[in-house]
Amino acid sequence: MTANKSFLPGQLWPDNNGVHINAHGGGVLFHNGVYYWFGEHKIEGEAGNAAHVGVHVYSSRDLYNWQDEGIALAVSDDSKSPITRGCILERPKVVFNSRTKKFVMWFHLEPKDVGYAGSLSGVAVADNVTGPFQLINAFRPNTGVWPLNVPDADKRELSAAELGGISGMDLNGGPRPWYPKQLLFRRDFAGGQMARDMTLFVDDDGSAYHIYSSEANGTLHISRLSDDYLSPAGKFIRVLPGRFNEAPAMLKFRGRYFLFTSDCTGWAPNPARLLTADTIFGNWEELGNPCLGPGVEITNTFISQSTFVLPVHGKADAFIFMADRWNPANAIDGRYVWLPVEFRHDVPTISWHDEWNLSFFDK
Ligand code: DGJ
């Protein structure tokens, strides 16, 4: 096998066995000098849009060459398991908890045969970075907790009349003119908040956050995790209600928080968005599309959708924007678009490169 010496965004990416890497919607954990890439293992055809195998993990020391480390979290053969084969298991992210010494995985989980109506979060734990991870919870987060950033007057459950007003509404997970942007978090107070596309972010002080598309995808939530990272800590905010942000991917640069997101258009690409705030529970504002030309499809995030921001170890201010070029007709053939983040006036931007390597960050 010839070693990979560069990134080739959008092209096949062979692992140590010469097989295209199978870790979609993924994230990367750096642990003890090694990078671990966790992602959705897809199978061929449209069937691959559901989970038939589990979460795949690869390891690398140089970010170009990845060794297949197998399945970190396997789907279950038990039809009663929340992660039974055929469920939807998306966007897994893994963090290491230095107090408990456990590796903790969160992912978006849809029980088998409910489409995207479940909107659950799955949590799994392992003693070893490559697994096996064991599922410990499948639930809707923030049950019985009000967001920190809503007026006290809105901290009340829906009345029967309000509930009647939204029942039967088509809230299919994409922008709708009638989207009731101040009602769904109140509806879901007692049963837990909907949680779909997600990422995890560990801040400099070790506090961790679960960032997920909630309220039928219309509103992002940023939710603090407990000290062991296994559950919500009971503190969360709503971000840009009614703006319909998916595919969150966080970075912190010089004390400021930046969040890449996308619009909600299913598997089809759309323009990326950049959000920013000076504290994680602060006021998030939208800065626009971070993709710059010249290059292919800057209005469609280079035909991809964000999944994670990877800080490059040992290089200052070096981050890789990780995105998926989905192929819903043949899910296993989804490609990876990894591009360097370039700061202009302290704001992250992304430009297309047919081929690039880490020396980009030495400029
Ligand atoms: C867009 C999301 O970003 C993906 O993770 C996936 O849920 C697709 N929608 C499904 O259509």
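Residues numbered from 1 in each chain as written. Predicted model: local features only at pLDDT ≥ 70, side-chain atom pairs only at ≥ 80, totals over all residues. Heavy atoms only, no water.

Caption draft 1: Structural view of the packing of aromatic side chains. Across all of its chains, the model carries 29 aromatic pairs by this definition. Consider the rings of Phe201 and Tyr257, whose centres lie 6.1 Å apart with planes at 80 degrees: the pair is edge-to-face. Of this pair, Phe201 sits in strand E9 (residues 198-202) while Tyr257 sits in strand E14 (residues 256-262), and the two are 56 residues apart along the sequence. Across the pair, Tyr257 and Phe201 agree in class, each one buried. One aromatic cluster is present, formed by Phe7, Trp13, Trp37, Tyr58, Tyr64, Trp66, Tyr336, Trp338, Trp356, Phe360 and Phe361 through successive ring pairs. (Phe/Tyr/Trp six-rings, centres within 6.5 Å; stacked < 30°, edge-to-face > 60°. Helix = DSSP H or I, 4+ residues; strand = E, 2+ residues; numbered from the N terminus. Buried < 20%, exposed > 50% of the residue type's maximum accessible area, 1.4 Å probe, protein only.)

Caption draft 2: Representation of the site of the ligand within the structure. Residues in contact with the ligand, as listed here, are Glu90, Arg91, Tyr116, Asp197, Glu246, Gly266, Trp267 and Gln305. Between the ligand and the protein, one listed contact pairs an oxygen atom with a side-chain N or O atom of Arg91 at 2.9 Å. Take Gly266: an N or O atom from its main chain is 3.4 Å from a nitrogen atom of the ligand. For the ligand, the protein covers 90% of the area, taking 290 Å² as the surface of the free molecule. Its residues assigned to classes, the shell around the ligand shows 2 nonpolar, 2 polar and 4 charged. (Near = heavy atom within 4 Å. Polar contact = N/O pair within 3.5 Å; in protein donor to acceptor, adjacent residues only side chain to side chain. Areas by Shrake-Rupley, 256 points an atom, 1.4 Å probe, with all protein chains shown as cover. Nonpolar A, V, L, I, M, F, W, Y, C, P; charged D, E, K, R; others polar.)

Caption draft 3: Representation of the environment of Lys252 within the structure. The topology assignment puts Lys252 in strand E13 (residues 246-253). For Lys252 and Asp204, which are 48 residues apart along the polypeptide, the C-alpha to C-alpha distance reads 9.2 Å. Sequence-distant contacts of Lys252, that is, excluding residues within four places in its chain, are made with Phe201, Asp203, Asp204, Tyr257 and Phe319. At 2.8 Å, the side chain of Lys252 and the side chain of Asp204 are in polar contact. Polar side-chain contacts of Lys252 include one of 3.2 Å to the side chain of Tyr257. (Contact = heavy atoms within 4.5 Å.)

Caption draft 4: Spatial organisation of the side chain of His24. Note that His24 resides in strand E1 (residues 24-31). Within polar-contact distance, the side chain of His24 engages the side chain of Tyr336 at 3.2 Å. Those residues in contact with His24 that sit more than four places away from it in its chain are Gly39, Glu40, Lys42, Pro92, Asp324, Trp326, Ala331, Ile332, Gly334 and Tyr336.

Caption draft 5: Structural context of the pairing of strand E18 (residues 305-311). Counting buried positions along E18 gives 6 out of 7 residues, so the element sits mostly inside the fold. The pairing of E18 with strand E19 (residues 319-325) spans 6 bridges and is antiparallel. Bridge pairing in E19 links Pro311 to Phe319. (Pairing = 2+ DSSP bridges.)

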